[in-house]
Each structure stands twice: as structure tokens, then as C-alpha cells.
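Analysis of the macromolecular model
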Amino acid sequence: NEIKIFSPATVANVACGFDVLGFCLDSVGDDMVIRKTDKKGIYITKIEGFDLPFEAELNVAGVSALAMYEAINPDFGFEIEIYKNIKPGSGIGSSAASAVGSVFGMNELLGRPFNKTQLTEFAVKGEALASKCEHADNLAPAMLGGFTLVKSMQPLEILQIPTPEDLYATIIHPQIEIKTSEARAILPKDVALSNAVTQWANFGSLIHALHTSDFGLIERSLKDVIVEPYRSQLIPHYQDVKKAMLDAGALGAGISGSGPSIFSLSKGSETAVNVKDAIEKVYATTGIDFDIHVTKIN
Ligand code: HSE
């Protein structure tokens, strides 16, 4: 009647795939406990790590749980404990981890009545509370692992994209908060056709490269000509970090989700660690606290 789960952090956008592409960070994430109770309803009984609302309707994990709960309307309820390691506003899918964790755990306790796409649909409701719009590019990789592509939101269609062997991510999280809703508000409503052409050429090439384990093509495709010019201005020392990542041998780098985290992809763990050492040097002189994760992508 109780399940303990690990709900992973994720990197959304992955440079050229704004709002559709994402990948899972297997070794970074939140822990959650979901428990069946006699009392009907959804109750958040414990939150550790960060100060977040206990009212289910105001909590991302609670809202997605309520969406699923209302769909089944059982004669019992659920308690949710959240042990948060992913800082809200860090750009590595904090809200998505919470939104996915509650519905994934409930589904396990119920004997898996829903598939992962249906669970993600419930989680979209929770994610929307945090970012003020419905997007699933963090939710899908948190739910399915690896790389995922959100083909459409209505109806929700998610594609699992293969991960080449030996692909690693190095991610730096400067300890400043950028709200996704604010990072979305600064984006232009329209894009120039020439930029759109560049972006979808890179995006299609990146997907092809992931399928064919073509690291050279990954390197040539990890570029963002649409969103990065706006959002990079919100992130202190963004260009220095990106340059250090590329100089240290990363295949490419960009803003993780809506920032402030910055991600890079590398071939092999040795390069990923070299990238870590290089960006540590850049940020050590800034006076801004930060943490860095190196993780294999599975
Ligand atoms: N695709 C979303 C955005 C991800 O960039 O606004 C937010 O984490």
C-alpha cells in the first residue's frame, strides 16, 4: 500500500528542440513516497528540501495527482511525501519530477491501469501550474527515460528517441532562480523564416544523429538560433561557460530548459569530466554558488 520512487531531473529543449525534445538525468532527482489511505482525497503529508505548498490544489505533484484521482474516483485516497533535491526554478525539470512522480507512484499502487502517455497527460496539469502553460518536454523524459520527442500535445503523442552509447551530460546549475513563466514571457511571438529553417534543419539532423550514433552530426546540430539569444541574457556568465564547455571537448552546449542551468553533451565520461573541471574554473571566480552534475544518458 506504499511505494517509494525516484523521480528524475530532465533537460528540456536540448538546444534546437524548444518545447519538444528532452532527456533524462538518471542520477539526479527527487524521492517520493506514495501511500494509499482510507480517507478519500489527495493529501501531501510531507515536503522536505524546499518550501512548497502542502495544499494539493497548489502543489504541482498534488495537481497531477488530483487529475488522475478525478479520472478514477476511487473510494480511498492517497498520501504523498516529497523529498525534493531538485531546486525549483533551476532549469532541470523540478516541477516535472514532482508532477510525474505522484501519478507514476499512484499508478503502480493501482496495478497500472494507465499507460505512460496517459500518465503524462495527468502530469501536464501539474506542470501547467508551475510554468503557466502546458508543455511536456520535461515530463516525457522523466516518465520514459532517455531522449523523448513530444510529437504533439493534443492528442499527446510521445516518441522515444534512442540514445547513442557513451553519451554523457555535464550540467552546471548556478544558484539563481529563473521562473519558467518569466523566461517564456521574454520570447518573441514570431520567428524569422530563415531562423526557422536553420532550427528545423538542426533539429531533424539531431534526431537523425541520435538514431545513427553520429557524434559528428550531434556536434554540428546542437545549436539554437531562436531561443538562446533571448534567454542567455538572463544567465550570468552564460557565454563564458558555453565556450569553456566547447573548448574542453563537449559536442555542444545550451540552456537547460528555461535556465539558469546550462547543459553540454559529450562523448565519453572522460570528456564529460574535463568539461566539469573547465566550467568549475569559470564559475569559481564569479562568487555565485553552483553545483555540477555529470551523468551518463541511458
Ligand atoms: N520548454 C520549456 C521552456 C521547458 O523552455 O520554457 C521549461 O523547463
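Anything mentioned here points back to the structure above.
1. Topic: the pairing of strand S2 (residues 21-37)
Judged by how many residues are buried, S2 sits mostly within the fold: 13 of 17 residues are covered. Pairing of strand S1 (residues 2-12) with S2, which is carried by 11 bridges, proceeds in the antiparallel orientation. If you follow Ile 3 over to S2, its bridge partner there is Ile 34. In this sheet, strand S5 (residues 147-153) lies alongside S2 in antiparallel orientation, the contact comprising 3 bridges. Across the sheet, the residue bridging to Leu 21 is Leu 149, located in S5.

2. Regarding the site of the ligand
The local shell around the ligand consists of Ala 12, Asn 13, Phe 18, Asp 19, His 135, Asp 137, Asn 138, Thr 180, Arg 184, Arg 231, Gly 257 and Ser 258. Here an oxygen atom of the ligand sits 2.8 Å away from a polar atom, N or O, in the side chain of Asn 13. Asn 138 places a polar side-chain atom, nitrogen or oxygen, 2.9 Å from an oxygen atom of the ligand. Contact with the protein chains hides 96% of the accessible area of the ligand, taken as 260 Å² for the molecule alone. Counted by class, the shell around the ligand contains 2 nonpolar, 6 polar and 4 charged residues.

3. Remarks on the packing of aromatic side chains
This model, assessed by the stated rule, comprises 6 aromatic pairs. Relative to Phe 147, the ring of Phe 23 has its centre 5.1 Å away and its plane inclined at 45°; by these criteria the two rings are tilted. Taken together, the positions of Phe 23 in strand S2 and Phe 147 in strand S5 put the pair 124 residues apart, joining distant regions of the chain. For the pair formed by Phe 23 and Phe 147, the shared burial category is buried.

About the thresholds
- Residues numbered from 1 in each chain as written.
- Predicted model: local features only at pLDDT ≥ 70, side-chain atom pairs only at ≥ 80, totals over all residues.
- Heavy atoms only, no water.
- Buried < 20%, exposed > 50% of the residue type's maximum accessible area, 1.4 Å probe, protein only.
- Helix = DSSP H or I, 4+ residues; strand = E, 2+ residues; numbered from the N terminus.
- Pairing = 2+ DSSP bridges.
- Near = heavy atom within 4 Å.
- Polar contact = N/O pair within 3.5 Å; in protein donor to acceptor, adjacent residues only side chain to side chain.
- Areas by Shrake-Rupley, 256 points an atom, 1.4 Å probe, with all protein chains shown as cover.
- Nonpolar A, V, L, I, M, F, W, Y, C, P; charged D, E, K, R; others polar.
- Phe/Tyr/Trp six-rings, centres within 6.5 Å; stacked < 30°, edge-to-face > 60°.

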